[in-house]
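Survey of secondary and tertiary structure
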Amino acid sequence: LAPAGVPSPPSRADSLAHTCGLTTDGRVVCWGANDFGQTGNGSSGAPVTTPSVVTLPVAARAVSAGGGFTCAIGANGSAYC
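Pairing between the strands of a sheet is mediated by backbone hydrogen bonds and can be parallel or antiparallel. Taken in spatial order, the three strands line up as S1-S2-S3 in an open sheet, and their pairing is antiparallel. The sheet is open, and its two edges are formed by strand S1 (19–22) and strand S3 (45–54), each paired on a single side. Neighbour-to-neighbour, the strand axes of the sheet open up by a mean angle of 5°, direction not taken into account. Pairing of S1 with strand S2 (residues 28–34), which is carried by four bridges, proceeds in the antiparallel orientation.

As structure tokens, this is what we get:
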């Protein structure tokens with residue numbers, strides 16, 4: 001499926017959560033809200049408007065995101081948050 005726009009309610013949206021994905025080669029990419037550095041790009045505050053690769057010491061095999069955090073499980077079994 002291709003991404004599709006989300007219909008707006010009568011007023012525009014003021015914020016979105018952050019989102020992360022896992023590529024087929026084990027890279028984690030994140031974008032969106034970054035109030036607490038949850039997109040993993042080394043900064044905090046301003047939203048990340050385009051997907052950016054998170055630097056990890058090993059390839060990832062899983063990623064999970066919550067309200068103020070993101071964690072990945074590395075191919076070596078270690079957790080990175």
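It is worth spelling out the pattern of salt bridges at this point. Counted by the stated rule, this structure contains one salt bridge. With its nearest N and O atoms 3.2 Å apart, the salt bridge here joins Arg 27 to Asp 25. Judged by relative accessible area, which is 41%, Arg 27 ranks as partly exposed. Given a relative accessible area of 48%, Asp 25 falls into the partly exposed group.

Strand order in the open sheet formed by three strands is S4-S5-S6, with antiparallel pairing between adjacent strands. A strand with exactly one partner marks an edge of an open sheet, and here the two such strands are strand S4 (60–65) and strand S6 (79–80). Relative to strand S5 (residues 70–74), S4 runs antiparallel, the two sharing five bridges. Pairing of Val 63 across the sheet is with Ala 72, part of S5.

Cut-offs and rules
Residues numbered from 1 in each chain as written. Predicted model: local features only at pLDDT ≥ 70, side-chain atom pairs only at ≥ 80, totals over all residues. Heavy atoms only, no water. Pairing = 2+ DSSP bridges. Helix = DSSP H or I, 4+ residues; strand = E, 2+ residues; numbered from the N terminus. Axes fitted to C-alpha atoms, helices over the stretch in contact; angles between N-to-C directions. Salt bridge = Lys/Arg side-chain N within 4 Å of Asp/Glu carboxyl O. Buried < 20%, exposed > 50% of the residue type's maximum accessible area, 1.4 Å probe, protein only.

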